[in-house]
Amino acid sequence: MNEIQTLIQELEHEQAELKRLIDESVKTGEYLIAHFHSEALGYVNRRLQTLRNLDDKNFDSKKMIKSMIKRAHMQLGVERPEKFKDYIKKEIEKHEWELQELNQQGKVTALESQVLIGHLESLISNKIKGVRIFLIRSSNFILDIKKHRSGIKILVPNMKTLRKNYIMHDENIQHFYGLGFTADENESKLTLLITNRNREQLLKELQRILAKIVFEIFYFKEFAGDTFIEIRE
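Here's a quick rundown of the structure. These figures come from a predicted structure and were not determined experimentally.

Criteria and thresholds
- Residues numbered from 1 in each chain as written.
- Predicted model: local features only at pLDDT ≥ 70, side-chain atom pairs only at ≥ 80, totals over all residues.
- Heavy atoms only, no water.
- Phe/Tyr/Trp six-rings, centres within 6.5 Å; stacked < 30°, edge-to-face > 60°.
- Helix = DSSP H or I, 4+ residues; strand = E, 2+ residues; numbered from the N terminus.
- Buried < 20%, exposed > 50% of the residue type's maximum accessible area, 1.4 Å probe, protein only.
- Core = buried A, V, L, I, M, F, W, Y, C linked by side-chain atoms within 4.5 Å.
- Contact = heavy atoms within 4.5 Å.

## What to know about the packing of aromatic side chains
- By the definition in use, this model includes 3 aromatic pairs.
- Taking the centre distance of 6.5 Å and the plane angle of 40° together, the rings of Phe 84 and Tyr 87 count as tilted. Of the two residues, Phe 84 and Tyr 87 both sit in helix α4 (residues 82-105), 3 residues apart, roughly one turn of that helix.
- Judged by its relative accessible area of 32%, Phe 84 is partly exposed.

The following block contains the structure:
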């Protein structure tokens, strides 16, 4: 599972919980609360749509074809002339073939993503000492990931320079705090410690944090063409 899929899974849980809260609020007559949950659900749905298309370039096409197949099956359940039903069955066969063709293409997974996961696994297994992800190399925007005792430490150095260059500002820094990052006394770096997890949990949490930074705190296309991964062995 790559970082996009990890974030999709997390958002799907959030989506299900919001749907439950909306139903619960409506049943108890708390319509204003239901409205707030509904707005949050709309935001989650939009994020999911974006991430699913990043994970699978054919996602929208598959979704549309599945909807057409479902509607066609509903038409078969209605009393119709046999000639019309034969036509619907042919349409279903055609759409199922189209869906099969799209599924055979598979998902498009970025090579960089798989390479990064491999490096993170090596770090957690103590095969390497650290991974530095240059998100914007020209601005020295770095995520410095190191092994820390039984866990992992993520550092964001050069904060004063990043603020000066308007890459970091109060709003996105607050998002980093929301992920558990803390600032040092001089506010020159941010630090996050991930501890008390086994190797699999560490990797999953690392992927989640990185996905949130790249796809939520920042717009991922900001990093296009200016990223670089450095390994410390």
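## Observations regarding the nonpolar core
- Within the largest apolar cluster, 36 residues are counted, with the highest numbers of intra-cluster contacts made by Val 156, Met 168, Phe 181 and Ile 213.
- Put simply, the parts of the chain that give this core at least two residues each are α5 (111-124), β1 (130-136), β2 (141-148), β3 (151-156), α6 (159-164), α7 (170-178), β5 (190-194) and α8 (199-217).
- The biggest single contributor to this core is α8, with 8 residues.
- Of all hydrophobic cores here, the second largest spans 11 residues; its members include Ile 8, Leu 11, Leu 41 and Leu 48.

## Structural notes on the environment of Asp 60
- As for its placement among the helices and strands, Asp 60 is situated in helix α3 (residues 59-76).
- Here the alpha-carbon distance between Asp 60 and Phe 176, two residues 116 residues apart in the chain, equals 31 Å.
- Setting aside chain neighbours within four positions, we find Asp 60 in contact with Gln 49 and Asn 53.

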